[in-house]
Amino acid sequence: MDTKPKPIFDKRIFWDVAFDLIDYDEKSAFVITRVFERGDVEDIRNCRRYYGDDRIREVLLNAKFLPETRMYLAAAVIDREITEFRCYKLRQSNPELFPY
């Protein structure tokens, strides 16, 4: 059985879950979104190495929420326009829900 080594992330990103029990393959959308929400540059690099840009692009474009500044970072990383993100479209359709 060929298994990839787990990616290395700062535990602070996953402060609210059992860090050692995270299934990085089963919960890839959660992990990728959380890394882009709260991670630093090294965390994002490790995420890209583990999941690859295609999977990251798919998850980020379909994420329900990313903080505005992180949306711009994600757009630069995956080389997509901010208007292609689901979370951007949701924010535009419900501006009162996102006062920041």
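Look a little higher up for the structure.
It should be emphasised that the depicted structure is a prediction, and the values quoted were computed from it without experimental measurement. (Residues numbered from 1 in each chain as written. Predicted model: local features only at pLDDT ≥ 70, side-chain atom pairs only at ≥ 80, totals over all residues. Heavy atoms only, no water.)

Peer 1: Got a sec to walk through the packing of aromatic side chains? Specific residues and values, please.
Peer 2: Inspection of every chain in the model, using the stated rule, returns six aromatic pairs. When the centroid spacing of 6.0 Å and the interplanar angle of 45 degrees are considered together, the rings of phenylalanine 9 and tyrosine 24 count as tilted. Separated by 15 residues along the polypeptide, phenylalanine 9 in the segment before helix H1 (28–38) and tyrosine 24 in the segment before H1 bring together distant segments of the chain. On the numbers, 6.0 Å between centres and 45 degrees between planes, the contact of phenylalanine 14 with phenylalanine 19 is tilted. With respect to burial, phenylalanine 14 and phenylalanine 19 carry one shared label: buried. Taken together, Phe9, Phe14, Phe19, Tyr24, Phe30, Tyr50 and Tyr51 form an aromatic cluster joined through their ring pairs. (Phe/Tyr/Trp six-rings, centres within 6.5 Å; stacked < 30°, edge-to-face > 60°. Helix = DSSP H or I, 4+ residues; strand = E, 2+ residues; numbered from the N terminus. Buried < 20%, exposed > 50% of the residue type's maximum accessible area, 1.4 Å probe, protein only.)

Peer 1: Explain unusual backbone geometry to me, and be specific about the residues and the numbers.
Peer 2: Of note, aspartate 79 is a non-glycine position whose phi angle comes to about 55 degrees, a positive value. If you trace the backbone, aspartate 79 turns up in the loop between helix H3 (68–78) and helix H4 (86–93). Judged by relative accessible area, which is 65%, aspartate 79 ranks as exposed.

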